[in-house]
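Inside the fold
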Amino acid sequence: MISDTQFQKELDIIIANAIREDVGDGDHSSLACIPSTATGRAKLLVKDEGILAGVDFAKQVFAYVDPNLAIEVFLQDGTPVKYGDVAFHVSGSSQSILKAERLVLNAMQRMSAIATKTKKYVDILEGTGTKVLDTRKTTPGIRALEKWAVKIGGGENHRFALYDMVMLKDNHIDFAGGITQAITKTNDYLKANNLDLKIIVEARDLDEVREIIANPGVHRILLDNFDYEQTREAVALIGDYCQTESSGGINENTMRHYAECGVDFISSGALTHSIYNLDLSLKAF
């Protein structure tokens, strides 16, 4: 993953772009009927069950829109919530609260849904030693939020993007002329460019696993669409050579069985691409 500093830059970009997109040259609904001097307060009301996520992000949004807004937090990120819970109060300029409202809700509803699904997967794997990983199958423009939500739910982040880790998948291998060629060229490239990046290589069958472990410098082998028996055999072949990861069509019904095969990680795009927003609202009171 990227550094904390770079991650914060990504968040800053998300906030600035989302406010630009939503507010434009002004929130004319509020400007038309609410005096600029009017003040008020609102509460973040939970209308669902799950894991709360996005409170810290909401604080950043409110601060960006109006540094004078005051936030009183009652429930932190990662807290299990139920219908009727209140996560925080925000008070100050009524116009400012309304300007920030939609971004706060959009982000928190999606982040909470991702955190909730991640926590479910983490619970399924409890006691196995296998960790849940996200993927790059994220919503364009808000990847940082979605990966943050995975962490809040107890999962682990895979690489953030194409630039912070090398992942040699089937197309890379085929275009490079084979596994050994792809790994050799990658190691040479990293050395020539003085890059310290970990290398993950995808294996499509056990023969490819054998070829990968005959090469140096691989951090993790991705076992793509292996069945349980193949996974157990691959884990035994790999041994202490490097980390192992299972992926490809793994769901709630099969993931514990894959974990029991001994893999270190299970990656799931469903954490971020197949979720339903948690129902939250921001209500004046």
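Per an unreviewed UniProt entry, the protein chain goes by Probable nicotinate-nucleotide pyrophosphorylase [carboxylating] and derives from Flavobacterium alkalisoli. As its UniProt record puts it under Sequence similarities (unreviewed entry), the protein chain is described as follows: "Belongs to the NadC/ModD family."

Considerations on the sheet that holds strand E9 (residues 220-224)
Taken together, six strands build an open sheet; the order of strands is E6-E11-E10-E9-E8-E7 and the sheet is parallel. Either end of the sheet is taken by a strand with one partner, and the two such strands are strand E6 (131-133) and strand E7 (166-168). Looking at each pair of strands side by side, their axes are set apart by 25 degrees on average, direction ignored. The strands touched by helix H7 (residues 179-192) are E7 and strand E8 (199-203); relative to E7, the strand with the most contacts, the crossing angle is about 165 degrees.

Examining the environment of Leu271
Its place among the elements puts Leu271 in helix H11 (residues 270-273). For Leu271, a relative accessible area of 0% corresponds to the buried category. In the structure, Leu271 is positioned 125 residues away from Glu146 in sequence and 8.9 Å away in space, judged by C-alpha atoms.

Examining the packing of aromatic side chains
Following the criterion strictly, the structure yields four aromatic pairs and no others. Judged by centre distance (6.2 Å) and plane angle (80 degrees), the rings of Phe7 and Trp148 are edge-to-face. With Phe7 in helix H1 (residues 4-23) and Trp148 in helix H5 (residues 143-152), this pair connects stretches of sequence that are 141 residues apart. On the accessibility criterion, Phe7 (15% relative accessible area) is buried.

Comments concerning helix H3 (residues 55-65)
Where H3 is concerned, the buried positions are Val55, Phe57, Ala58, Val61, Phe62 and Val65. Mapping the buried residues of H3 onto a view down its axis gives an arc of 155 degrees, with all of them on the same face. Tucked into the core, H3 has its buried residues touching H1, strand E3 (70-73), strand E5 (86-93), helix H4 (94-124), H5 and strand E12 (280-284).

Details of the packing of H4 against H5
Interhelical geometry of H4 versus H5 gives an angle of 40 degrees and a closest axis separation of 7 Å. Compared by their axis directions, H4 and H5 come out oblique. The interaxial crossing formed by H4 with H5 has right-handed handedness. Together, Ala107, Arg110, Met111, Ile114, Ala115 and Thr118 of H4 and Leu145, Glu146, Trp148, Ala149, Val150 and Ile152 of H5 make up the contact between the two elements. Partitioned by chemical class, the residues of the contact of H4 with H5 number nine nonpolar, one polar and two charged.

What about the nonpolar core?
Formed by 82 residues in total, the largest nonpolar core has its most connected members in Phe57, Phe62, Phe88, Met108 and Leu282. Among the elements that make up this core, the one with the highest residue count is H4 (twelve residues). Per-domain counts for this core show at least three residues from each of domain 1 (10-121 + 275-284) and domain 2 (127-271). Those residues in contact with Leu282 that sit more than four places away from it in its chain are Ala42, Lys43, Leu44, Phe62, Phe88, Val90, Ile97, Glu101 and Leu105.

Digging into the sheet that holds E3
Consider a sheet: its strands pair through backbone hydrogen bonds, and that pairing is either parallel or antiparallel. If you walk across this open sheet you meet the four strands as E3-E5-E1-E12, and the pairing is antiparallel. The open sheet terminates on both sides in strands that have one partner only, identified here as E3 and E12. Here the average twist between neighbouring strands, direction ignored, is 20 degrees. Of the strand pairs in this sheet, strand E1 (residues 39-46) and E12 are connected by five bridges, and their pairing is antiparallel.

Structural notes on the pairing of E8
The buried count for E8 comes to five of five residues, which makes it a mostly enclosed element. Residues Ile199, Val201 and Ala203 line one face of E8 and the alternating positions Ile200 and Glu202 line the opposite face, and both faces are buried. With four bridges connecting them, E8 and E9 associate as parallel partners. The residue of E9 that forms the bridge with Glu202 is Leu222. Chirality of the crossover, the property in question, places the unit of E8, helix H8 (residues 206-212) and E9 among those that are right-handed.

Some remarks on the UniProt feature "domain: Quinolinate phosphoribosyl transferase N-terminal" (unreviewed entry) in the protein chain
Residues annotated by UniProt as "domain: Quinolinate phosphoribosyl transferase N-terminal" (unreviewed entry) correspond here to residues 28-112. Split by type, residues 28-112 is 42% helix and 28% strand. Its first and last C-alpha atoms lie 30 Å apart.

What counts, and at which threshold
Residues numbered from 1 in each chain as written. Predicted model: local features only at pLDDT ≥ 70, side-chain atom pairs only at ≥ 80, totals over all residues. Heavy atoms only, no water. UniProt positions renumbered as here; feature names shortened; annotations may be inferred. Pairing = 2+ DSSP bridges. Helix = DSSP H or I, 4+ residues; strand = E, 2+ residues; numbered from the N terminus. Axes fitted to C-alpha atoms, helices over the stretch in contact; angles between N-to-C directions. Contact = heavy atoms within 4.5 Å. Buried < 20%, exposed > 50% of the residue type's maximum accessible area, 1.4 Å probe, protein only. Phe/Tyr/Trp six-rings, centres within 6.5 Å; stacked < 30°, edge-to-face > 60°. Arc of directions from axis to C-beta. Parallel < 35°, antiparallel > 145°, perpendicular 65-115°, else oblique. Left-handed = near helix turned anticlockwise from the far one by under 90°. Nonpolar A, V, L, I, M, F, W, Y, C, P; charged D, E, K, R; others polar. Core = buried A, V, L, I, M, F, W, Y, C linked by side-chain atoms within 4.5 Å. Domains from an automatic or database assignment. Right-handed = clockwise from strand over helix to strand, strands pointing away.

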